[in-house]
Amino acid sequence: MMKILLTGGAGFIGSATVRYIIGHCQASVVNVDKLTYAGNLNSLSAVADNPRYHFEQVDICNRSELERVFIQHQPDLVMHLAAESHVDRSIDGPAAFIETNIVGTYTLLEVARSYWNGLDPQRKAAFLFHHISTDEVFGDLDGTDDLFTETTPYAPSSPYSASKASSDHLVRAWHRTYGLPVIITNCSNNYGPYHFPEKLIPLIILNALAGKPLPVYGKGNQIRDWLFVEDHARALYKVVTEGKVGETYNIGGHNEKQNIEVVQTLCALLEELAPDKPAGVARYQDLITYVADRPGHDLRYAIDAGKIEQELGWKPQESFESGLRKTVQWFLANKSWWQAVLDGSYAMQRLGQG
Ligand code: NAD
């Protein structure tokens, strides 16, 4: 059975990928996660007792601990999702982004390379290092109808996207210079269940339910291309099982929406699915509040996912409307998950008390 070492498995996309692999595929997963504020083991309760799932609380910057994990678990391949991922936090404090996204990726590459070099020829030939990245490395498409392709030049705008761009370059260099078998995927904005409520969609849902203002940056005209997280998880597994070494694949949902459209759609869904509004709130959309724009904010991202669709036969299954409805329904049905995030009690896991 294929053994996958997956980093960042307690995060939003990582946990969806772990749930997908354990639930649908014949593979085992070793989840290597530091459990920062974004790591939440409650997102993995469905797989926690499965004998094909193992958890290692390890920082990817810690070389000796990573070496121990590789030797102990003998993975066949690596899926690298661990990262600092929130753009606003990268503006307020870039250091953690440089440390985890650049130094952490470098450390993981070095440990993986030395492990890969020591494998027997058959396992060495089958090994893969899959680096999961973002479309934000390509910068801003403002004023054009262009789409990001796999050959679009990098032009990152924020400390977050610059740190992810750096990590992509390191991964390509480790392939070209040392021959490490790598694949990179660059994906658009994800949304769905278990999304940490600092990101736009869960923030809007939870603020609306609490009768709090719904903050929208600038005029709300920023365009993002949205993908349901479970479609991303399926794409990632497809890439590690069928993708070609040395290649890059863009992953996206063909769902370009302005932020304000997303917020208004959420308000309409909440009117339907949660009609009992907090005291003093006549309509959820009355809570929309425009706030000062984020510095350096890119106006438009949009992905051309033609390559992964044609070469690997992947397509998103969820439309934006159905995915958003599922997401709102999930948040309404899983109050204990987000309540533990909002009151901070989920963080007790980090101290081994969860
Ligand atoms: P997330 O912030 O929800 O989760 C990140 C996970 O990494 C957390 O569990 C955290 O504890 C862990 N982590 C952070 N630093 C670590 C370290 N030093 N060592 C070990 N673990 C560490 O992020 P996400 O939204 O799930 O994103 C996962 C990956 O996908 C990231 O690489 C991100 O750049 C990329 N990505 C995200 C999106 C998106 O819309 N969220 C889109 C495209 C690509």
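Just above sits the structure.
Description of the structure in this document. (Residues numbered from 1 in each chain as written. Predicted model: local features only at pLDDT ≥ 70, side-chain atom pairs only at ≥ 80, totals over all residues.)

1. What to know about the overall build of the protein
Counted only if it meets this: A run of DSSP states H or I qualifies as a helix once it reaches four residues; a run of E qualifies as a strand once it reaches two. Both are numbered from the N-terminal end. Note that the radius of gyration is over C-alpha atoms, with the globule rule given as 2.2 Å times the number of residues to the power 0.38. Backbone-placed C-beta atoms define the burial measure: a residue is buried with 20 or more other C-beta atoms within 10 Å of its own, exposed with 12 or fewer, and partly exposed in between. Note that contacts rest on C-beta atoms placed from the backbone: two residues are in contact if these are within 7 Å.
Helix and strand counts for the protein come out as 12 helices and 12 strands. For 354 residues, the compact-globule estimate of 2.2 N^0.38 gives 20 Å, and the C-alpha radius of gyration of the protein, at 20 Å, lies within 12% of that figure. If one aligns the C-alpha atoms of the protein with their principal axes, the spans along those axes are about 65 × 50 × 40 Å. The buried share among the 354 residues of the protein stands at 46%. In the protein, once contacts between residues fewer than 6 apart in sequence are set aside, the share between residues at least 24 apart is 82%.

2. Let's talk about the nonpolar core
As a rule of thumb, nonpolar side chains are buried together in soluble globular proteins. Rules: To count as a nonpolar core, a set of buried Ala, Val, Leu, Ile, Met, Phe, Trp, Tyr and Cys residues must be joined through C-beta atoms within 7 Å.
Ranked by size, the top nonpolar core spans 92 residues in total, and within it Ala112 and Leu266 carry the most contacts. The greatest single-element share of this core, amounting to 7 residues, is contributed by helix H8 (residues 229-242). Excluding anything up to four places from it in sequence, Leu266 contacts Ile201, Ile204, Ile205, Leu324 and Val328.

3. Concerning the site of the ligand
The criterion, for reference: Residue proximity rests on one test: whether the C-beta atom, placed from the backbone, lies within 6 Å of the molecule or strand.
Taken together, 31 residues surround the ligand, and among them Gly8, Gly11, Ala38, Gly39 and Ala83 come closest. Going through the elements one at a time, helix H1 (12-24), helix H4 (95-117), strand S5 (128-134) and strand S7 (189-191) are the ones with two or more residues in the shell around the ligand.

4. A word on unusual backbone geometry
A positive phi angle, near 50 degrees, is found at Gln74, a position not held by glycine. Following the sequence through the fold, Gln74 ends up in the loop between helix H2 (63-73) and strand S4 (77-80). Taking the number of C-beta atoms within 10 Å as the measure of exposure, Gln74 has 13 and is therefore partly exposed. Of note in the backbone geometry, Tyr194 takes a positive phi value of approximately 65 degrees without being a glycine. A tally of 24 C-beta atoms within 10 Å means that Tyr194 is categorised as buried.

5. With respect to the sheet that holds strand S2 (residues 27-33)
For clarity, the cut-off: A pair of strands is labelled paired if DSSP reports no fewer than 2 bridges between them. Axes here mean lines fitted to C-alpha atoms, for a helix over just the part in contact, with angles spanning 0 to 180 degrees between N-to-C directions.
Within the open sheet, the 7 strands sit side by side as S3-S2-S1-S4-S5-S6-S10. Their pairing is parallel. Edge positions in the open sheet fall to strand S3 (53-57) and strand S10 (248-251), since each of these has one partner strand only. Here the strands of the sheet are splayed against their neighbours by 20 degrees on average, with no regard to which way each runs.

Structural measurements only, silent on function.
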